[in-house]
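# Observations on the three-dimensional arrangement
Spelled out, the chains give:
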Amino acid sequence: MRVGIVGTGYAAKARAEALKVDRRLLLVTVAGNTPETTEKFSQIFQAQASTSWQQLVEREDIDLVIISTINRDHGKIARAALENDKHIIVEYPLSLDPTEAEWLISLAAQKNKLLHVEHIELLGGLHNAIKQYISEIGKIFYSRYVTINPKQPAPHRWTYQPSLFGFPLVGALSRVHRFTDLFGLVDAVNAQSQFWYTEPDLYKACLCNAQLKFNNGAIGEVVYGKGEAFWQSENIFTLYGEKGTLIFTPQQGQLLQGEKTQILEVGARRGLFAKDTTMVIEYLLAGSPLYVTPAASLYSLKVAEATRISSEVGKTMNEVNN
Ligand code: NAP
Ligand code: BLA
């Protein structure tokens, strides 16, 4: 398979590394943002530098386009790639707009092309450990996932620009997706958000807090914060079940039941883009199953969009339709 990558950052590099070790794949071309970075990337990986993503998706010598650039552009690049009959891997989120995401999924089906939305959080040690031990704690009535990432000073980067990153829980879709993957459909969403703006499209900190009421009765709470308003990093996933509590950090987990505390292993966060890339290639070349569907990604996007609307209008959003 002949591959083109859009993007030159962390995710794009991880993709290019994964392609290099598989002889069935060839990275042909890359399209980036600043010409110097694109040139450097293309030299390191011995690929041609395309002048734009528009030019890249139109090339006839490409079968698969990997979209690893800023979130704002995912939807339009995916559309252009599908119109040029390419298979697609796109980093989450598929689009900042759930309506566009839904439309793209049907276009891919019509064109009979793969549209794979990466969700590496499902491949990581934390999620797998949760899935392994969740049955031990009985019916789960409440769970909470807090990720606070202090940054002093906050970077002038796209991840702090709403027009490029999207609403924080949309851009960082993995947070909501972990919940919908574990607990299914959401009946109601209530969210708050705060932004510390320094310029019209740039903040130095943000905080989002969303409460999800699941159809199965469980309540999930997502807390996501980053930037200069924070002084202590926090990364804790807690699941409260009627028969026990599970507490996870990225390093390790604990299962608490009565007087007993069991320490649980959590696998590494590294190598996940490589795992994702390999699974897609095995799917395309050998028909082996993928670990996530575009529909599941879309549903989490609808829930994340509901958190945005809820926090903006100050109301609870009822029934996020599948
Ligand atoms: P990154 O390292 O910051 O790279 C961003 C890429 O976008 C670079 O090629 C950069 O090019 C380009 N870019 C920056 N500002 C731009 C602008 N204003 N207009 C056009 N292009 C611009 O980001 P990343 O972490 O690789 O993230 C890429 C995608 O992967 C995102 O959708 C993210 O949500 C997703 N993702 C990342 C991870 C992860 O672990 N990093 C995990 C899951 C999903 P220049 O440097 O030349 O500006
Ligand atoms: C997710 N990491 C992300 C995302 C971005 C970054 C933009 C997608 C949006 C989000 O979910 O928040 C960016 N992550 C970074 C940057 C650093 C970082 C700039 O750790 C700087 C060190 N990602 C990495 C590195 C690792 C990594 C070095 O860049 C691991 C050692 C892992 N990032 C990682 C994982 C996710 C993620 C596993 C998925 C999110 C999740 O697990 O929920």
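Residues numbered from 1 in each chain as written. Chains lettered and ligands numbered in written order. Predicted model: local features only at pLDDT ≥ 70, side-chain atom pairs only at ≥ 80, totals over all residues. Heavy atoms only, no water.

Let us now look at the state of the cysteines. Evaluation of the coordinates by the stated rule reveals 0 disulfides. Between cysteine 206, a free cysteine, and cysteine 208, which holds the nearest cysteine sulfur, the sulfur-to-sulfur gap is 5.3 Å. (Disulfide = S-S within 2.5 Å.)

What follows is about the site of ligand 1. Residues in contact with ligand 1 amount to 21 residues; listed here are only the nearest, Thr8, Thr34, Asn71, His74 and Arg157. Contact distances for ligand 1 include 3.0 Å between an oxygen atom and a side-chain N or O atom of histidine 74. Contact distances for ligand 1 include 2.9 Å between an oxygen atom and a side-chain N or O atom of tryptophan 158. In the complex, 76% of the free accessible area of ligand 1, which totals 900 Å², lies under the protein chains. In terms of residue class, the shell around ligand 1 is made up of 8 nonpolar, 10 polar and 3 charged. Three or more residues apiece are contributed to the shell around ligand 1 by two domains, here domain 1 (2–118) and domain 2 (128–267 + 300–318). (Near = heavy atom within 4 Å. Polar contact = N/O pair within 3.5 Å; in protein donor to acceptor, adjacent residues only side chain to side chain. Areas by Shrake-Rupley, 256 points an atom, 1.4 Å probe, with all protein chains shown as cover. Nonpolar A, V, L, I, M, F, W, Y, C, P; charged D, E, K, R; others polar. Domains from an automatic or database assignment.)

With that out of the way, let us pick up the packing of helix H4 (residues 74–83) against helix H5 (residues 98–111). Packing of H4 against H5 leaves a shortest axis separation of 10 Å and a crossing angle of 15°. Here H4 is positioned roughly parallel relative to H5, judged by the angle of their axes. H5 is crossed by H4, and the crossing has left-handed handedness. Residue-level inspection shows Gly75, Lys76, Ala78, Arg79, Leu82 and Glu83 of H4 in contact with H5, the latter providing Glu100, Trp103, Leu104, Leu107, Ala108 and Lys111. Of the residues contributing to the contact of H4 with H5, the split by class is 6 nonpolar, 1 polar and 5 charged. (Axes fitted to C-alpha atoms, helices over the stretch in contact; angles between N-to-C directions. Helix = DSSP H or I, 4+ residues; strand = E, 2+ residues; numbered from the N terminus. Parallel < 35°, antiparallel > 145°, perpendicular 65-115°, else oblique. Left-handed = near helix turned anticlockwise from the far one by under 90°. Contact = heavy atoms within 4.5 Å.)

This part takes up the sheet that holds strand E14 (residues 260–265). Adjacent strands of a sheet pair through backbone hydrogen bonds, lying either parallel or antiparallel. Read from one edge to the other, the open sheet built from 9 strands follows the order E14-E13-E12-E11-E7-E10-E9-E8-E15, with strand pairing classed as mixed. The open sheet has two edge strands with one neighbour each: E14 and strand E15 (317–318). Relative to strand E12 (residues 244–248), strand E11 (residues 234–241) is paired through 5 bridges, and the arrangement is antiparallel. Directly across from leucine 239, in E12, lies its bridge partner leucine 246. The strands touched by helix H6 (residues 125–133) within the sheet are strand E7 (140–150), E11, E12 and E14, with E12 carrying the most contacts at an inclination of about 170°. Packed on one face of the sheet, helix H9 (residues 174–183) meets E7, strand E8 (186–199), strand E9 (202–214), strand E10 (219–227) and E11 and runs near 165° to E7. (Pairing = 2+ DSSP bridges.)

Among the nonpolar cores identified, the biggest contains 70 residues, and Leu239 and Phe248 are the most heavily contacted of them. If you tally residues by element for this core, the top one is E9, at 7 residues. Here this core spans two domains, since at least three of its residues come from each of domain 1 (2–118) and domain 2 (128–267 + 300–318). Grouped together as the second largest cluster of nonpolar side chains are 17 residues, Ala12, Leu27, Val30 and Ile66 included. (Core = buried A, V, L, I, M, F, W, Y, C linked by side-chain atoms within 4.5 Å. Buried < 20%, exposed > 50% of the residue type's maximum accessible area, 1.4 Å probe, protein only.)

To continue, consider the environment of lysine 113. Take lysine 113: it is sitting in the loop between H5 and strand E6 (115–118). On a C-alpha basis, the gap between lysine 113 and isoleucine 88 in space is 7.6 Å, while along the polypeptide they are 25 residues apart. Residues in contact with lysine 113, not counting those within four places in the same chain, are Leu82, Asp85, Lys86, His87 and Ala108.

Right, let's get into the environment of arginine 144. Along the polypeptide, arginine 144 turns up in strand E7. By relative accessible area, arginine 144 is classed as partly exposed at 25%. Distance in space between the C-alpha atoms of arginine 144 and lysine 243 is 17 Å, their sequence separation being 99 residues. If near-sequence neighbours (up to four positions away) are discounted, arginine 144 is found in contact with Phe179, Glu221, Ile236, Phe237, Thr238 and Tyr240.

What follows is about the site of ligand 2. If you check the shell around ligand 2, you find 14 residues, and the closest are Tyr92, Ser174, Arg175, Arg178 and Arg269. Here ligand 2, which alone exposes 780 Å², has 66% of that area covered by the protein. The leading source of residues in the shell around ligand 2 is H9, at 3 residues. Partitioned by chemical class, the residues of the shell around ligand 2 number 5 nonpolar, 3 polar and 6 charged.

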